[in-house]
Each structure stands twice: as structure tokens, then as C-alpha cells.
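# Results of the structural survey
What follows is each chain in one-letter form.
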Amino acid sequence: MDFSIKACDWSKGAANGFLNGKADVMVVGVFEAQTLTGAALELDLATKGLITRVVKAGDMNGKAGTTLFLHEITGIGASRILLVGLGKQDVFSQKAYGEAARAAWRAILGTKIAQVTFTLAQLPVLERTGDWAVRAAILALRELTYKFTQMKSKPENGARALKKIVFSIDPTEEKAAKLAAKQGAALANGMDLTRDLGNLPPNVCTPTYLGQTAKKLGRDWKLKVEVLGQKQIEALGMGSFLAVAKGSVEPPAFIVMHYQGAGSGKNAGAPVVLVGKGITFDSGGISIKPGEAMDEMKYDMCGAASVFGTLRAVAEMGLKLNVVGIVPTCENMPAGNALKPGDIITAMNGTTIEVLNTDAEGRLILCDALTYAERFKPAAVVDIATLTGACIIALGHHNSGLFSKDDALAGELLDASREAVDPAWRLPLDDEYQDQLKSNFADLANIGGRPAGSVTAACFLSRFAQNYPWAHLDIAGTAWKSGAAKGATGRPVPLLAQFLIDRAGQ
Ligand code: BES
Ligand code: MN
Ligand code: ZN
């Protein structure tokens, strides 16, 4: 699908050229109990009062979420008009805008329409700009059209009819909207990659497969990619990561990807490092999980998938900053040679860890990746992990959990999450919680008991992230959906990409 921007000032009667543009449909909003304004008014004039008559007849009352196709239109370039109810104008929020956009796309996707002129992004959305609205509309459409069909034996349905979408935008916002359209498509492409990797079954999406995917991403987007295998991981002394990996017949991989948008010279900026948890299947290991919904533990690599997706988006956007993506990836399986409760292992930085529960494996692979990250002298490190069931208990499925001792970094991530409508909520990381990780026999235990399980998991990671600004995102509740709509969400790619857009000042 191709997205483009066309400037149009509806208030100046300068809309004629715009109205003559060829399209299969022109999408126009109608507010509840309101006289027509902007695009709707101009269209009404051009069609000799058609919209007024339809509204008067009661066929479109402007109620949020309603849509109505008008056919065989004359007087304008488009052959149809799609009226979209917007609700009340004085409370037209980003949420109401999102609902209207989704309603419009749903109506259009149910037809054979190929070319759309979309005027809703030009409406005044409370606290949001036109470029934001363009991007939100693109993401809403791409969300609705995403389907995971790779594993079906027969291809589903034919090609999609919808091909070309032109957004009308106020001339003052044209430049920003053009950038937003480009970024929106890049973001959606990144999210699709993240969703595909998450949705793939664990017998396909293995650590080796993730390594191959990284190589391909590197070829397609000019990233420098290293995939380290068992021997190299051993040589690095990643005793904690390898302890988790050893119970599986699938070999582990340690993936490092470099995006160099700010160059690679001596004076190039310090990189932002993203570290993603890549457990391609989490059975719990010897501390095995109950059987119910265990299939969903294929999603335990969604942190890794979000690193892939964010790097793809960043590369397509061409952001002017350096980003390193690090993905430790393995399976967590029970076996005769698997890690056991009671085992004491030694992490890459020398810390000894008493493993009291083999199902708390995410922190065991991430801690060595966090130590490895030091070599890049990072400007900031953000790790992303489906780390704790406790995070779902605390925050449910709307907010990702955000942990950081660095108020400035936490603030940046929260701002990005609001801008991208990919919400996160900050949870505490006070030193008091560290006591729960005391071990009688080693430096550290890998679990801190039931109270504040997400906090103690973050506390564990913090021990390995002392030498740079660091934040941790627990995406256990937000990376995928269960039930009838089971599937990866692509989160938190929007948050991460926005954070990097802001850092790059673009
Ligand atoms: N991958 C899980 C966390 C998880 C569970 C995410 C369910 C989403 C849904 C993680 O490895 C895990 O098993 N954590 C344990 C930690 C506990 C043993 C301290 C948990 O949350 O139960
Ligand atoms: Mn686990
Ligand atoms: Zn896990």
C-alpha cells in the first residue's frame, strides 16, 4: 500500500483541484449535531447539497463509529464518498480519532476499493497534530490488514484491492506529514516483522532461525551483524546464559546487530543499545510450567523480536544515530543435563547466582547480555523482555512495565510511549527490594519470592547494568494477545522507535 500527502486548505475555497482528484472513495468526517465544516462542507457544495440531505434524512447522524457509503457521486473526482461519524467535536480526542479511522478502514477493506482520499487526518484532534494523525491512520490500517498466514498449507484469499491512500493535510503541516507517512510505513513494517517472528511456531523460530533472520536483516538494511555460537559464547564466559541453554538440543546464539546512522568514525555518537530476551520456548525447565496455555511460551522471544523490528524501522527511517541490538537466544527445556534448582552458576561478570527456580531464566540470559553491552560504552541501554507473569498481575495488558533508576531516561521513554500510544507505566526499583535476592550460598539468588515479582526481577538485572544509563521494559502483558485474537501485537516497537526518533532529533 502506498501512502502520500497532498496539501489542501479547505477554508480558502482552494479545494477545487483537490476535489477533482481521481479516487474510488473520498473519506469525510461528520461530527454529531454539528454543521458541516472543512472537507465535508466543500464536498457538500460540490455535490449540490448531497451530504446535507443525507444528514437531514437521518442516515448519518455523526455518532462515533458509524459509516455510510454514498455511490455514483458526480461533481467531484471520486466515485464514492464514505461518511464517517466522529462523535462530538469538542471531545474529539486521539481515541475518538482512532476509532473513526478504524471504522473507515474496516468499511473500505470490505470493498474492492483501490484508491482512497482520506481527509480525517486534517481534523482538529485534541492535543495532537496533523502529522501524528497521518501516522496513526497508517498504523491503524496496517494493524487491520496484518494476518499471519505463513503456516497455512494453502494461501488465503486473493490479493488486496486497496493500493493507494492520499491524505489531505493543511499546507502548514505538509512537510511534517510527509515525514510522518514515511515513518508510519517504516514503523508498520518493523511491527510486522516483530509480529511474524512472535507468531512463528517454536519448532520453526529457533535460536538458529533468529540468527539467520538477523543475517538477512543485515543484508537487507546494511547492518553489521555477528551471530556468536556455543564456542564463542563459552569463550566470552557467559556462564549464566549457557546454563539456561544447556538443557536444550537447539544450540544457543548470541546476536549482535549494529545500525550506524551516525557513522562509525571515532567521533560518532555513543550508541543506544537495545537488549531483547530471546527465549524461543520457555517450558520452565526443571521447574516446569503447568500445561495450560504453555504454547504461548513461544512468545517468550518477543523482546528479541521487538529489537529486530525496531532496528528494521530505524534503518528504513534512516535515523541519524547509532543503535546496537543484542539478542541472547536459546530454549528453556527440562532434560537430564538441564540446569537444576540449587545449581550455582557464574555469570560473565563473575557474579555467582544460586538458581532457586529454573523458570526465572530470562534474567539469567539477560544478565550476561547486559555485561556484554558495556563494551559499546552506550549512551543508554534498554532491555525488553517478557520477564514476569507478575507484571501481568500488576498492570494487565495495557501498560508495559518500565523500570529505571535514571529519571531522565525513564522520562524520555514515558514521553515516547505517550506520543506513540504504546503505553508504559513506571514501577519502583528501590534498593530495599534487593534484600529479597539474598542467597545463603552465592552472591545472588535468581528469584525474590512472590511479593513484587516484577520488581525483584528488575532488581536482579540492575546488578549487571551499573556502568551505563539503563532501563528495563517488562512486556509480559503487552507483547501478545491470548484467546480468540491470539497473536503478537508488535509492541513495544512504536515506543522504542519513537524514543530513537526523539534521540535522533528527527
Ligand atoms: N517468560 C516467563 C514470564 C511470563 C509468564 C510471561 C507468563 C508472560 C506470561 C518467565 O520466564 C517466567 O517464567 N517467570 C516466572 C518467574 C518466577 C519463577 C519468579 C513467573 O513469572 O512465574
Ligand atoms: Mn520462565
Ligand atoms: Zn521466560
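From a predicted model like this one, the values you see are computed outputs, not experimental measurements. (Residues numbered from 1 in each chain as written. Chains lettered and ligands numbered in written order. Predicted model: local features only at pLDDT ≥ 70, side-chain atom pairs only at ≥ 80, totals over all residues. Heavy atoms only, no water.)

### Considerations on the UniProt feature "binding site: Mn(2+) 2" (unreviewed entry) in the protein
Annotation from UniProt places "binding site: Mn(2+) 2" (unreviewed entry) at Lys277, Asp282, Asp300 and Glu361. For the residues just named, distributed over 85 residues, the greatest C-alpha separation is only 11.2 Å, placing them together at one site. If you take the residues mentioned a moment ago, the ones lining the second largest pocket come down to Lys277, Asp282, Asp300 and Glu361. In this fold, Asp300 is placed in the loop between strand S10 (278–282) and helix H10 (302–317). Looking at Asp300, the relative accessible area reads 1%, which means it is buried. In this structure Asp300 touches Lys277, Gly278, Ile279, Asp282, Glu361 and Thr386, once residues within four positions along its chain are discounted. Here Lys277 takes part through its side chain, which lies 3.1 Å from a polar atom of the side chain of Asp300. Exposure remark for Glu361: the relative accessible area of 1% places this residue in the buried category. Among residues more than four places away in sequence, those in contact with Glu361 are Val244, Lys277, Ile279, Asp282, Asp300 and Asn332. (UniProt positions renumbered as here; feature names shortened; annotations may be inferred. 1 Å grid on protein atoms, 1.4 Å probe; cavity = no way out; pocket = protein on both sides within 12 Å on 5 of 7 lines; lining within 4 Å. Helix = DSSP H or I, 4+ residues; strand = E, 2+ residues; numbered from the N terminus. Buried < 20%, exposed > 50% of the residue type's maximum accessible area, 1.4 Å probe, protein only. Contact = heavy atoms within 4.5 Å. Polar contact = N/O pair within 3.5 Å; in protein donor to acceptor, adjacent residues only side chain to side chain.)

### Remarks on the coordination of the zinc ion (ligand 3)
Only Lys277 (NZ), Asp282 (OD), Asp300 (OD) and Glu361 (OE) from the protein coordinate the zinc ion (ligand 3), and they sit 2.0 to 2.4 Å from it. Each of the 6 donor atoms around the zinc ion (ligand 3) contributes to a set of angles spanning 78 to 176°, which defines the coordination as octahedral. Of note, the donors binding the zinc ion (ligand 3) are all from one chain and are spaced K-x4-D-x17-D-x60-E. (Donors = N, O, S within 2.8 Å, 3.2 Å for Na, K, Ca; no water. Tetrahedral: all angles 85-135°; square planar, octahedral: opposite > 155°, others 65-115°.)

### A look at the domain arrangement of the protein
Under the domain assignment, the protein is made up of domain 1 (2–170) and domain 2 (188–504). With 11 residues of domain 1 at the contact, the number on the domain 2 side is 16 residues. For the pairing of domain 1 and domain 2, the buried interface totals around 1,300 Å² over both sides, and the portion due to carbon and sulfur atoms is 47%. Where domain 1 packs against domain 2, one counts 3 salt bridges. (Domains from an automatic or database assignment. Buried area = accessible area lost by both parts, 1.4 Å probe. Salt bridge = Lys/Arg side-chain N within 4 Å of Asp/Glu carboxyl O.)

### Some words on helix H15 (residues 493–504)
Side chains of residues three or four places apart in an α-helix project in the same direction, reflecting 3.6 residues per turn. With 12 residues, H15 should cover 16 Å at 1.5 Å per step; its first-to-last C-alpha distance of 16 Å lies within 8% of that length. Of all 12 residues in H15, 10 are buried; the element is thus mostly enclosed. Among the residues making up H15, those that are buried are Val493, Pro494, Leu495, Leu496, Ala497, Gln498, Phe499, Leu500, Ile501 and Ala504. (Expected span 1.5 Å × (residues − 1).)

### So, the environment of Val227
With respect to the helices, strands and loops of the structure, Val227 is situated in strand S7 (residues 224–228). With a relative accessible area of 27%, Val227 lands in the partly exposed category. Distance from Val227 to Gly261, taken between C-alpha atoms, is 21 Å for residues 34 residues apart in sequence. Leave out the neighbours within four places in its chain, and Val227 touches Gly211, Lys215, Gln232, Ala253, Phe254 and Ile255.

### Structural notes on unusual backbone geometry
Here the bond from Arg491 into Pro492 is cis, since omega is 0°, no more than 30 degrees from zero. Along the chain, Pro492 turns up in the loop between strand S20 (487–488) and H15. Positive phi, close to 40°, is recorded for Lys377, a residue that is not glycine. As for its position among the elements, Lys377 is in the loop between helix H11 (362–373) and strand S14 (380–385).

### Some points on the coordination of the manganese ion (ligand 2)
Of the protein atoms, only Asp282 (OD), Asp359 (O), Asp359 (OD) and Glu361 (OE) coordinate the manganese ion (ligand 2), at distances of 2.1 to 2.2 Å. For the manganese ion (ligand 2), the 6 donor atoms in the first shell make angles of 70 to 169° at the metal, so the coordination geometry reads as irregular. Considered as a linear motif, the donors of the manganese ion (ligand 2) on their single chain read D-x76-D-x1-E. The two metals, the manganese ion (ligand 2) and the zinc ion (ligand 3), are separated by 3.1 Å and share Asp282 as a common coordinating residue. On the criterion of sequence distance, the pair formed by Asp282 in strand S10 and Glu361 in the loop between strand S13 (352–354) and H11 is long-range, its members being 79 residues apart. Of the two residues, Asp282 and Glu361, neither departs from the other in class, the shared state being buried.

### Observations regarding the site of ligand 1
In the vicinity of ligand 1 there are 17 residues, among which Lys289, Asp300, Asp359, Glu361 and Gly389 approach most closely. Between an oxygen atom of ligand 1 and a side-chain N or O atom of Lys289, the distance comes to 2.8 Å. Computed on the free molecule, ligand 1 has an accessible area of 510 Å², of which 77% lies beneath the protein chains in the complex. Applying the majority rule of atoms within 2 Å of the grid points places ligand 1 in the second largest pocket. For the shell around ligand 1, a count of residues per class yields 6 nonpolar, 4 polar and 7 charged. (Near = heavy atom within 4 Å. Areas by Shrake-Rupley, 256 points an atom, 1.4 Å probe, with all protein chains shown as cover. Sits in = over half its atoms within 2 Å of the grid points. Nonpolar A, V, L, I, M, F, W, Y, C, P; charged D, E, K, R; others polar.)

### Points about the sheet that holds strand S2 (residues 25–30)
Hydrogen bonds along the backbone pair up the strands of a sheet, which may run parallel or antiparallel. With mixed pairing, the 6 strands of this open sheet are ordered in space as S1-S6-S5-S2-S4-S3. A single partner strand is all that each edge strand has here, and the edge strands are strand S1 (2–7) and strand S3 (67–70). Along the sheet, successive strands turn relative to each other by an average axial angle of 20°, direction set aside. Pairing between strand S5 (residues 115–118) and strand S6 (residues 164–169): 4 bridges, direction parallel. (Pairing = 2+ DSSP bridges. Axes fitted to C-alpha atoms, helices over the stretch in contact; angles between N-to-C directions.)

### Section: empty space enclosed by the protein
This structure, assessed with the given rule, holds 1 cavity of 30 Å³ or more. Of the voids in this model, the largest cavity is the one considered here, and its volume is about 40 Å³. Ala243, Val244, Lys246, Gly247, Gly285, Ile286, Asn332, Met333, Ala338, Leu339 and Thr358 together form the lining of the largest cavity. (Points joined across faces, edges and corners; volume = space filled by probe spheres on them.)

### Side note on the sheet that holds strand S12 (residues 344–346)
Spatial ordering of the open sheet is given by S12-S13-S17, a layout of 3 strands whose pairing is mixed. The outermost strands of the open sheet, each flanked by one partner alone, are S12 and strand S17 (444–445). Two strands pair when backbone bridges link them, and S13 and S17 are joined in this way by 2 bridges, in the parallel orientation. Across the sheet, residue Ile353 finds its bridge partner in S17, namely Leu444.

### A word on the nonpolar core
Counting residues in hydrophobic clusters, the biggest one holds 63 residues, and the most contacted among them are Met257, Leu274, Phe308, Leu319, Leu473 and Leu500. Per element, the largest residue contribution to this core is 10 residues, and it comes from H10. In this structure, Leu274 is in contact with Val307, Thr310, Val323, Val324, Gly325, Ile326, Val382, Ile384, Leu496 and Leu500, ignoring residues within four places of it in sequence. Residues Ala243, Val273, Ile326 and Leu427 belong to the second largest nonpolar core, which totals 50 residues. (Core = buried A, V, L, I, M, F, W, Y, C linked by side-chain atoms within 4.5 Å.)

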